[in-house]
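Structural characterization, general
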Amino acid sequence: MMEDSFVLPGDMVGSLEEFVPGDYTYAREGMIFATTAGLVKVDPKTRSASVIPKTNAPVKLSHGDIVVGEVIDLKDSLVIISLAFKKGYEDRPISDEEATIHISNVKNSYVKDLRSLFSMRDILKAKIVDERQMRLSTGDEDLGVIKAYCNRCLTGLMRKEGKLICPNCGNNETRKMSSAYGLGVV
């Protein structure tokens, strides 16, 4: 199979003598086959044959990916997030996928109380640190809450001199804010 060839699910991509199976492929009886419609890509360093999806296949989440989601629950040492999308794939929503942020992965310093850094309905940006257990981290400066709502009146909070202030009721709140808070960019 030639690189950049368009393949459909079940089409042969290469042989196990030449390549190892990469993303969106599987091996059977010495051959590598496509699991989705897309373009064949060969990585000469790893000798892997992959398929770059050209369909609305579900987004594949991997270690190091940046994702955006909404806080749906807070425990003593865990934040539970309903994932919305992966950065770079904003047009392909993630459905029915939840992830967690352990208290040790919130900041690069000690965290005493998660409720002082996150609240229900917060929209946040995080990095996947374990794709099997769907554990996330907000340790980097550009990661954290990108949109928050007042706990008193549910109005969107405005960033003012490093603090979050409600323009409606004047309530002050704290969050583990992303450096992109309120900018509308991921």
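Residue indices follow the written sequence of each chain, beginning from 1 at its first position. Per-residue local features are limited, in this predicted model, to residues with pLDDT of at least 70; the limit for side-chain atom pairs, both in listing and counting, is 80 or more; totals at the level of whole chains, interfaces and linings are taken over all residues. Calculation of side-chain values draws on the structure's entire complement of heavy atoms; hydrogens and water are dropped beforehand.

1. Here's the deal with the sheet that holds strand β2 (residues 12-15)
Taken in spatial order, the three strands make up an open sheet running β2-β5-β4, and their pairing is antiparallel. If you trace the sheet from one side to the other, it starts and ends with β2 and β4 (25-28), each paired once. The sheet shows a mean angle of 30 degrees between the axes of neighbouring strands, direction not considered. The pairing criterion for strands is at least two bridges between them, as found by DSSP. In DSSP terms, a helix is any run of H or I states spanning at least four residues, a strand is any run of E spanning at least two, and both are numbered starting from the N terminus. As paired strands, β4 and strand β5 (residues 31-34) are joined by four bridges and run antiparallel to one another. For A27, the partnering residue across the bridge sits in β5 and is I32. Whenever a helix is involved, its axis is fitted only over the stretch in contact; in every case the axis is a line through C-alpha atoms, and angles between N-to-C directions fall within 0 to 180 degrees.

2. Describing the state of the cysteines
Any two cysteine sulfur atoms lying within 2.5 Å of each other are counted as a disulfide. A complete count under the given rule lists zero disulfides for this structure. With no disulfide partner, C153 has as its closest neighbouring cysteine sulfur the one in C166, 3.4 Å distant. Per-residue accessibility, obtained with a 1.4 Å probe over protein chains only, is compared with the maximum for each type, and a residue is labelled buried under 20%, exposed over 50%, and partly exposed between these values. On the basis of relative accessibility, which here comes to 28%, the residue C153 falls in the partly exposed class.

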